[in-house]
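Read off the chains here:
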Amino acid sequence: GENVEQHPSTLSVQEGDSAVIKCTYSDSASNYFPWYKQELGKRPQLIIDIRSNVGEKKDQRIAVTLNKTAKHFSLHITETQPEDSAVYFCAASNHGSGYALNFGKGTSLLVTP
Amino acid sequence: DVKVTQSSRYLVKRTGEKVFLECVQDMDHENMFWYRQDPGLGLRLIYFSYDVKMKEKGDIPEGYSVSREKKERFSLILESASTNQTSMYLCASSPGTAGAYEQYFGPGTRLTVT
């Protein structure tokens, strides 16, 4: 089955700096790659996703890049703010699995003022 | 606005009890999922369903079963609860139509088995 590795497990940045979280996946059939943000005590919420026919996608301060050949994708957050502090999960899925998500283990991001 | 609800936020059960966790979504979604979340392990898929009365095993189905008798409701059953099933359980749903893959999560049920 699919195996998703996520790094780093913890990340601390100063407000205004950029943060990058990287994920690799193993199943070449995977074609949908979402990123979820989970604040303490709350449910995961989708912040951005990318499909395999796209190399990069941006939404304001958040961007995701995908390299299908290398089987890795990354989340980039620019101009970080304290409210960006949360746990971020990457995931991979494909049609064959009913688009059930295979999650990475998560990155705990702390943005200090 | 998509709404996914779970029957309990907190639950305490004894070893050996049969436990039912209920999930309901109100957006006529085809797909529903059960995950468990443990510190350092992320979210792991237990079971999912893409239609009424249909179910598929995820990565960690042992010790669990599911039921989907109605489209909006997906139940997770712990046949005989054990302490290693103490965890946060998250339900999710997605439309299941072509191109609509986003999963919407419920608030979670924190289950403690003593």
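Residues numbered from 1 in each chain as written. Chains lettered and ligands numbered in written order. Predicted model: local features only at pLDDT ≥ 70, side-chain atom pairs only at ≥ 80, totals over all residues. Heavy atoms only, no water.

## Remarks on the packing of aromatic side chains
Working step 1: Using the criterion set out here, one finds 16 aromatic pairs over all chains in the structure.
Working step 2: Pairing Tyr25 of chain A with Phe73 of chain A gives two aromatic rings, centres 6.0 Å apart and planes at 55 degrees, and the pair type is tilted. Here the residue Tyr25 of chain A occupies a position in strand β3 (residues 19–25), and Phe73 of chain A occupies one in strand β8 (residues 72–77), the gap between them amounting to 48 residues.
Working step 3: A relative accessible area of 0% means that Phe73 of chain A is categorised as buried.
Working step 4: Ring centres of Phe33 of chain B and Tyr35 of chain B lie 6.2 Å apart, and the angle between their planes is 25 degrees; on these two criteria the pair is classed as stacked. You'll find Phe33 of chain B and Tyr35 of chain B in the same group, each marked buried. (Phe/Tyr/Trp six-rings, centres within 6.5 Å; stacked < 30°, edge-to-face > 60°. Helix = DSSP H or I, 4+ residues; strand = E, 2+ residues; numbered from the N terminus. Buried < 20%, exposed > 50% of the residue type's maximum accessible area, 1.4 Å probe, protein only.)

## What to know about the state of the cysteines
Residues and elements named next belong to chain A.
Working step 1: In total, this model carries 2 disulfides over all chains according to the counting rule given.
Working step 2: The disulfide partner of Cys23 is Cys90, and the S-S distance across this bridge is 1.9 Å. On the sign convention where negative is left-handed, the bridge of Cys23 and Cys90, at about -100 degrees about the S-S bond, is left-handed. Taken as a pair, Cys23 in strand β3 and Cys90 in strand β9 (residues 86–92) lie far apart in primary sequence, 67 residues in all. (Disulfide = S-S within 2.5 Å.)

## What to know about the pattern of salt bridges
Working step 1: Per the stated rule, a full pass over the model turns up 11 salt bridges over all chains.
Working step 2: Among the salt bridges present, the one from Asp84 of chain A reaches Arg61 of chain A, with a minimum N-O distance of 2.9 Å. Of this pair, Asp84 of chain A sits in the loop between β8 and β9 while Arg61 of chain A is found in the loop between β6 (56–59) and β7 (62–67), placing the two residues 23 residues apart along the sequence.
Working step 3: Taking relative accessible area as the criterion, Arg61 of chain A reaches 22% and is therefore assigned partly exposed.
Working step 4: One salt bridge connects Lys71 of chain B with Asp28 of chain B, and the closest N-O pair in it is separated by 3.0 Å. Placement of the pair is Lys71 of chain B in the loop between β7 (64–70) and β8 (73–78) and Asp28 of chain B in the loop between β3 (19–25) and β4 (31–38), with a sequence separation of 43 residues.
Working step 5: Lys71 of chain B gets classed as partly exposed once you look at its relative accessible area, which sits at 22%. (Salt bridge = Lys/Arg side-chain N within 4 Å of Asp/Glu carboxyl O.)

## With respect to the interface of chain A and chain B
Working step 1: With 18 residues of chain A in contact, the opposing surface of chain B contributes 21 residues.
Working step 2: Carbon and sulfur atoms supply 56% of the area buried between chain A and chain B, which totals about 1,600 Å² over both sides.
Working step 3: Viewed at the interface, chain B and chain A are joined by 0 salt bridges.
Working step 4: If you look at where chain A meets chain B, you find 7 residue pairs in polar contact (both at pLDDT 80 or more).
Working step 5: Broken down by secondary-structure element, the contributors of at least two residues to the side of chain A that touches chain B are β4 (32–38), β5 (45–51) and β10 (102–103) of chain A.
Working step 6: Here the side of chain A that touches chain B takes 3 residues from β4 of chain A, the largest share from any one element. (Contact = heavy atoms within 4.5 Å. Buried area = accessible area lost by both parts, 1.4 Å probe. Polar contact = N/O pair within 3.5 Å; in protein donor to acceptor, adjacent residues only side chain to side chain.)

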